[in-house]
Amino acid sequence: MSEVRVEGLSKFYGPTKALDDVTLTFPDGGFFGLLGPSGSGKTTLLRAIAGFVQPDRGRIFIGDQPVEGTAVEDRNIGMVFQNYALFPNMTVAENVAFGLEVRRIPGPDRAKRVAEVLDLVQLGPLGARKPSELSGGQRQRVAMARAIVTRPRVLLLDEPLSALDRALRVEMQIELKRIQREVGITTIFVTHDQEEALTLSDQIGILKDGRLVRHGPPRAVYDDPQDAFTARFLGEANILTGTVEPNGLRLADGTLLPGVTTASIALRPEVLTASVEAPQTRHRLQARLVQRIFSGAMGTCIFDWQGQTLKLTAPDRALGGLPETGGPMVWLSWPETAALALRDGGSS
Ligand SMILES: Nc1ncnc2c1ncn2[C@@H]1O[C@H](COP(=O)(O)OP(=O)(O)OP(=O)(O)O)[C@@H](O)[C@H]1O
């Protein structure tokens, strides 16, 4: 097991900055989720760590060893990619044993390790089957078994669950986390699914245009996104922007939000309360109710405020006092502490 560290890592494809001066530590034994929009550099970062991509600048360490001169096969990394190709003509056990054969692990040892790892992924009885005789989730487990059987120092997972349907995906998330905990291996996981990243990761990193925008424990980043991009990317956010005055933030409609010292704040849809009567707080504004959406236990309301769409989510029963149809002006309010200060002025 090993910590992975990248320092000042950059990779250019012509004018495209796939990675732009990324410095980041992936803690030893931790589960690190890499997130970002399409094209933000997630796969490039993973492939650089694996050795498939040669960075233009920067360094990569596994443990305390720099790995620049080390070939892919000597980096001792296990990988599972989205299109994990199992060998169709080999049995499950043979697929898993393959990496051990390449490393010339002797037969008896090999069989023991294959059996151990198949047990770990709960495929013990299915070693003699061919991949075509397995379900999608089972094939995914074989891919995991194959990646960890060689006892790599680091596990790289690139969208490993994206081919699975939603129910299976959630089941495999739990499995993946269990296996990672049992093996205790440093894991770097790429996903575009923020919920998946929040569920699985001890730490997350968010990339945008090849740059690392934020990193930290998922809850810390969610609760203090610091910039509008992160606030919107991780969860949903209503962004209010105005002018900072000595007494607070002055919004476009003249509302003064007392005590706010940044030009921009984010309000999660779940912190907003809507009421017809004016609420007893100055952390409020008036907006036009556009639509009330019923979707079971939770309700969503869409508002128009100064040409900007604001969204509120709440248990449907808490919305009982609001009109069923859109049109009227209502009050939106929130606890003062729920306003997340954005240090970028809401521009990102
Ligand atoms: N081999 C390549 N040649 C040219 N451009 C590339 C190459 N590989 C990646 N890029 C570009 O580098 C940028 C980062 O790509 P990368 O695949 O790392 O993004 P990503 O965040 O993994 O995206 P996705 O979520 O869509 O998989 C993109 O603009 C991409 O088009």
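Residues numbered from 1 in each chain as written. Predicted model: local features only at pLDDT ≥ 70, side-chain atom pairs only at ≥ 80, totals over all residues.

Draft legend 1. Spatial organisation of the sheet that holds strand 6 (residues 77–81). Strand order in the open sheet formed by six strands is 6-7-8-3-9-10, with mixed pairing between adjacent strands. Looking at the sheet topology across the chains shown, the edges are occupied by strand 6 and strand 10 (211–216). In this sheet, neighbouring strand axes are inclined to one another by 15° on average, regardless of whether the strands run parallel or antiparallel. Bridge count for strand 3 (residues 31–35) against strand 8 (residues 186–190) is four bridges, and the pairing is parallel. Its bridge partner lying in strand 8, Phe31 is registered against Thr187. Packed onto the sheet, helix 4 (residues 136–148) meets strand 6 and strand 7 (154–158) and runs at close to 165° relative to strand 6. (Pairing = 2+ DSSP bridges. Helix = DSSP H or I, 4+ residues; strand = E, 2+ residues; numbered from the N terminus. Axes fitted to C-alpha atoms, helices over the stretch in contact; angles between N-to-C directions. Contact = placed C-beta atoms within 7 Å.)

Draft legend 2. Up close: the domain arrangement of the chain. Per the domain assignment, the segments making up the chain are domain 1 (4–229) and domain 2 (236–342). The C-alpha centroid of domain 2 is placed 40 Å from the C-alpha centroid of domain 1. Contacts between the two partners involve five residues from domain 1, matched on the other side by five residues from domain 2. Among the residues making up the side of domain 1 that touches domain 2, the classes are represented as two nonpolar, one polar and two charged. (Domains from an automatic or database assignment. Nonpolar A, V, L, I, M, F, W, Y, C, P; charged D, E, K, R; others polar.)

Draft legend 3. The arrangement of the site of the ligand in detail. The ligand sits among Tyr13, Thr16, Ala18, Gly36, Ser38, Gly39, Ser40, Gly41, Lys42, Thr43, Thr44 and His192. Where the shell around the ligand is concerned, the elements lending two or more residues are strand 2 (16–26) and helix 1 (42–50). No other element matches the three residues that helix 1 contributes to the shell around the ligand. Classifying every residue of the shell around the ligand gives two nonpolar, nine polar and one charged. (Near = placed C-beta within 6 Å.)

Draft legend 4. Quick look at the sheet that holds strand 15 (residues 273–275). Pairing is antiparallel in the open sheet, where five strands are placed in the order 15-19-16-17-18. The outermost strands of the open sheet, each flanked by one partner alone, are strand 15 and strand 18 (308–315). For this sheet, the mean angle separating the axes of adjacent strands, direction not counted, is 45°. Of the strand pairs in this sheet, strand 17 (residues 298–305) and strand 18 are connected by eight bridges, and their pairing is antiparallel. The residue of strand 18 that forms the bridge with Phe303 is Leu310.

Draft legend 5. Expanded view of the environment of Ala128. Inspection of the secondary structure puts Ala128 in the loop between helix 3 (107–120) and helix 4. Exposure remark for Ala128: the 10 C-beta atoms within 10 Å place this residue in the exposed category. When the C-alpha atoms of Ala128 and Glu277 are compared, they prove to be 69 Å apart, with 149 residues separating the residues in sequence. Non-local contacts of Ala128, meaning those with residues more than four positions away in its chain, are made with Thr91 and Ala93. (Buried ≥ 20, exposed ≤ 12 C-beta atoms within 10 Å, placed from the backbone.)

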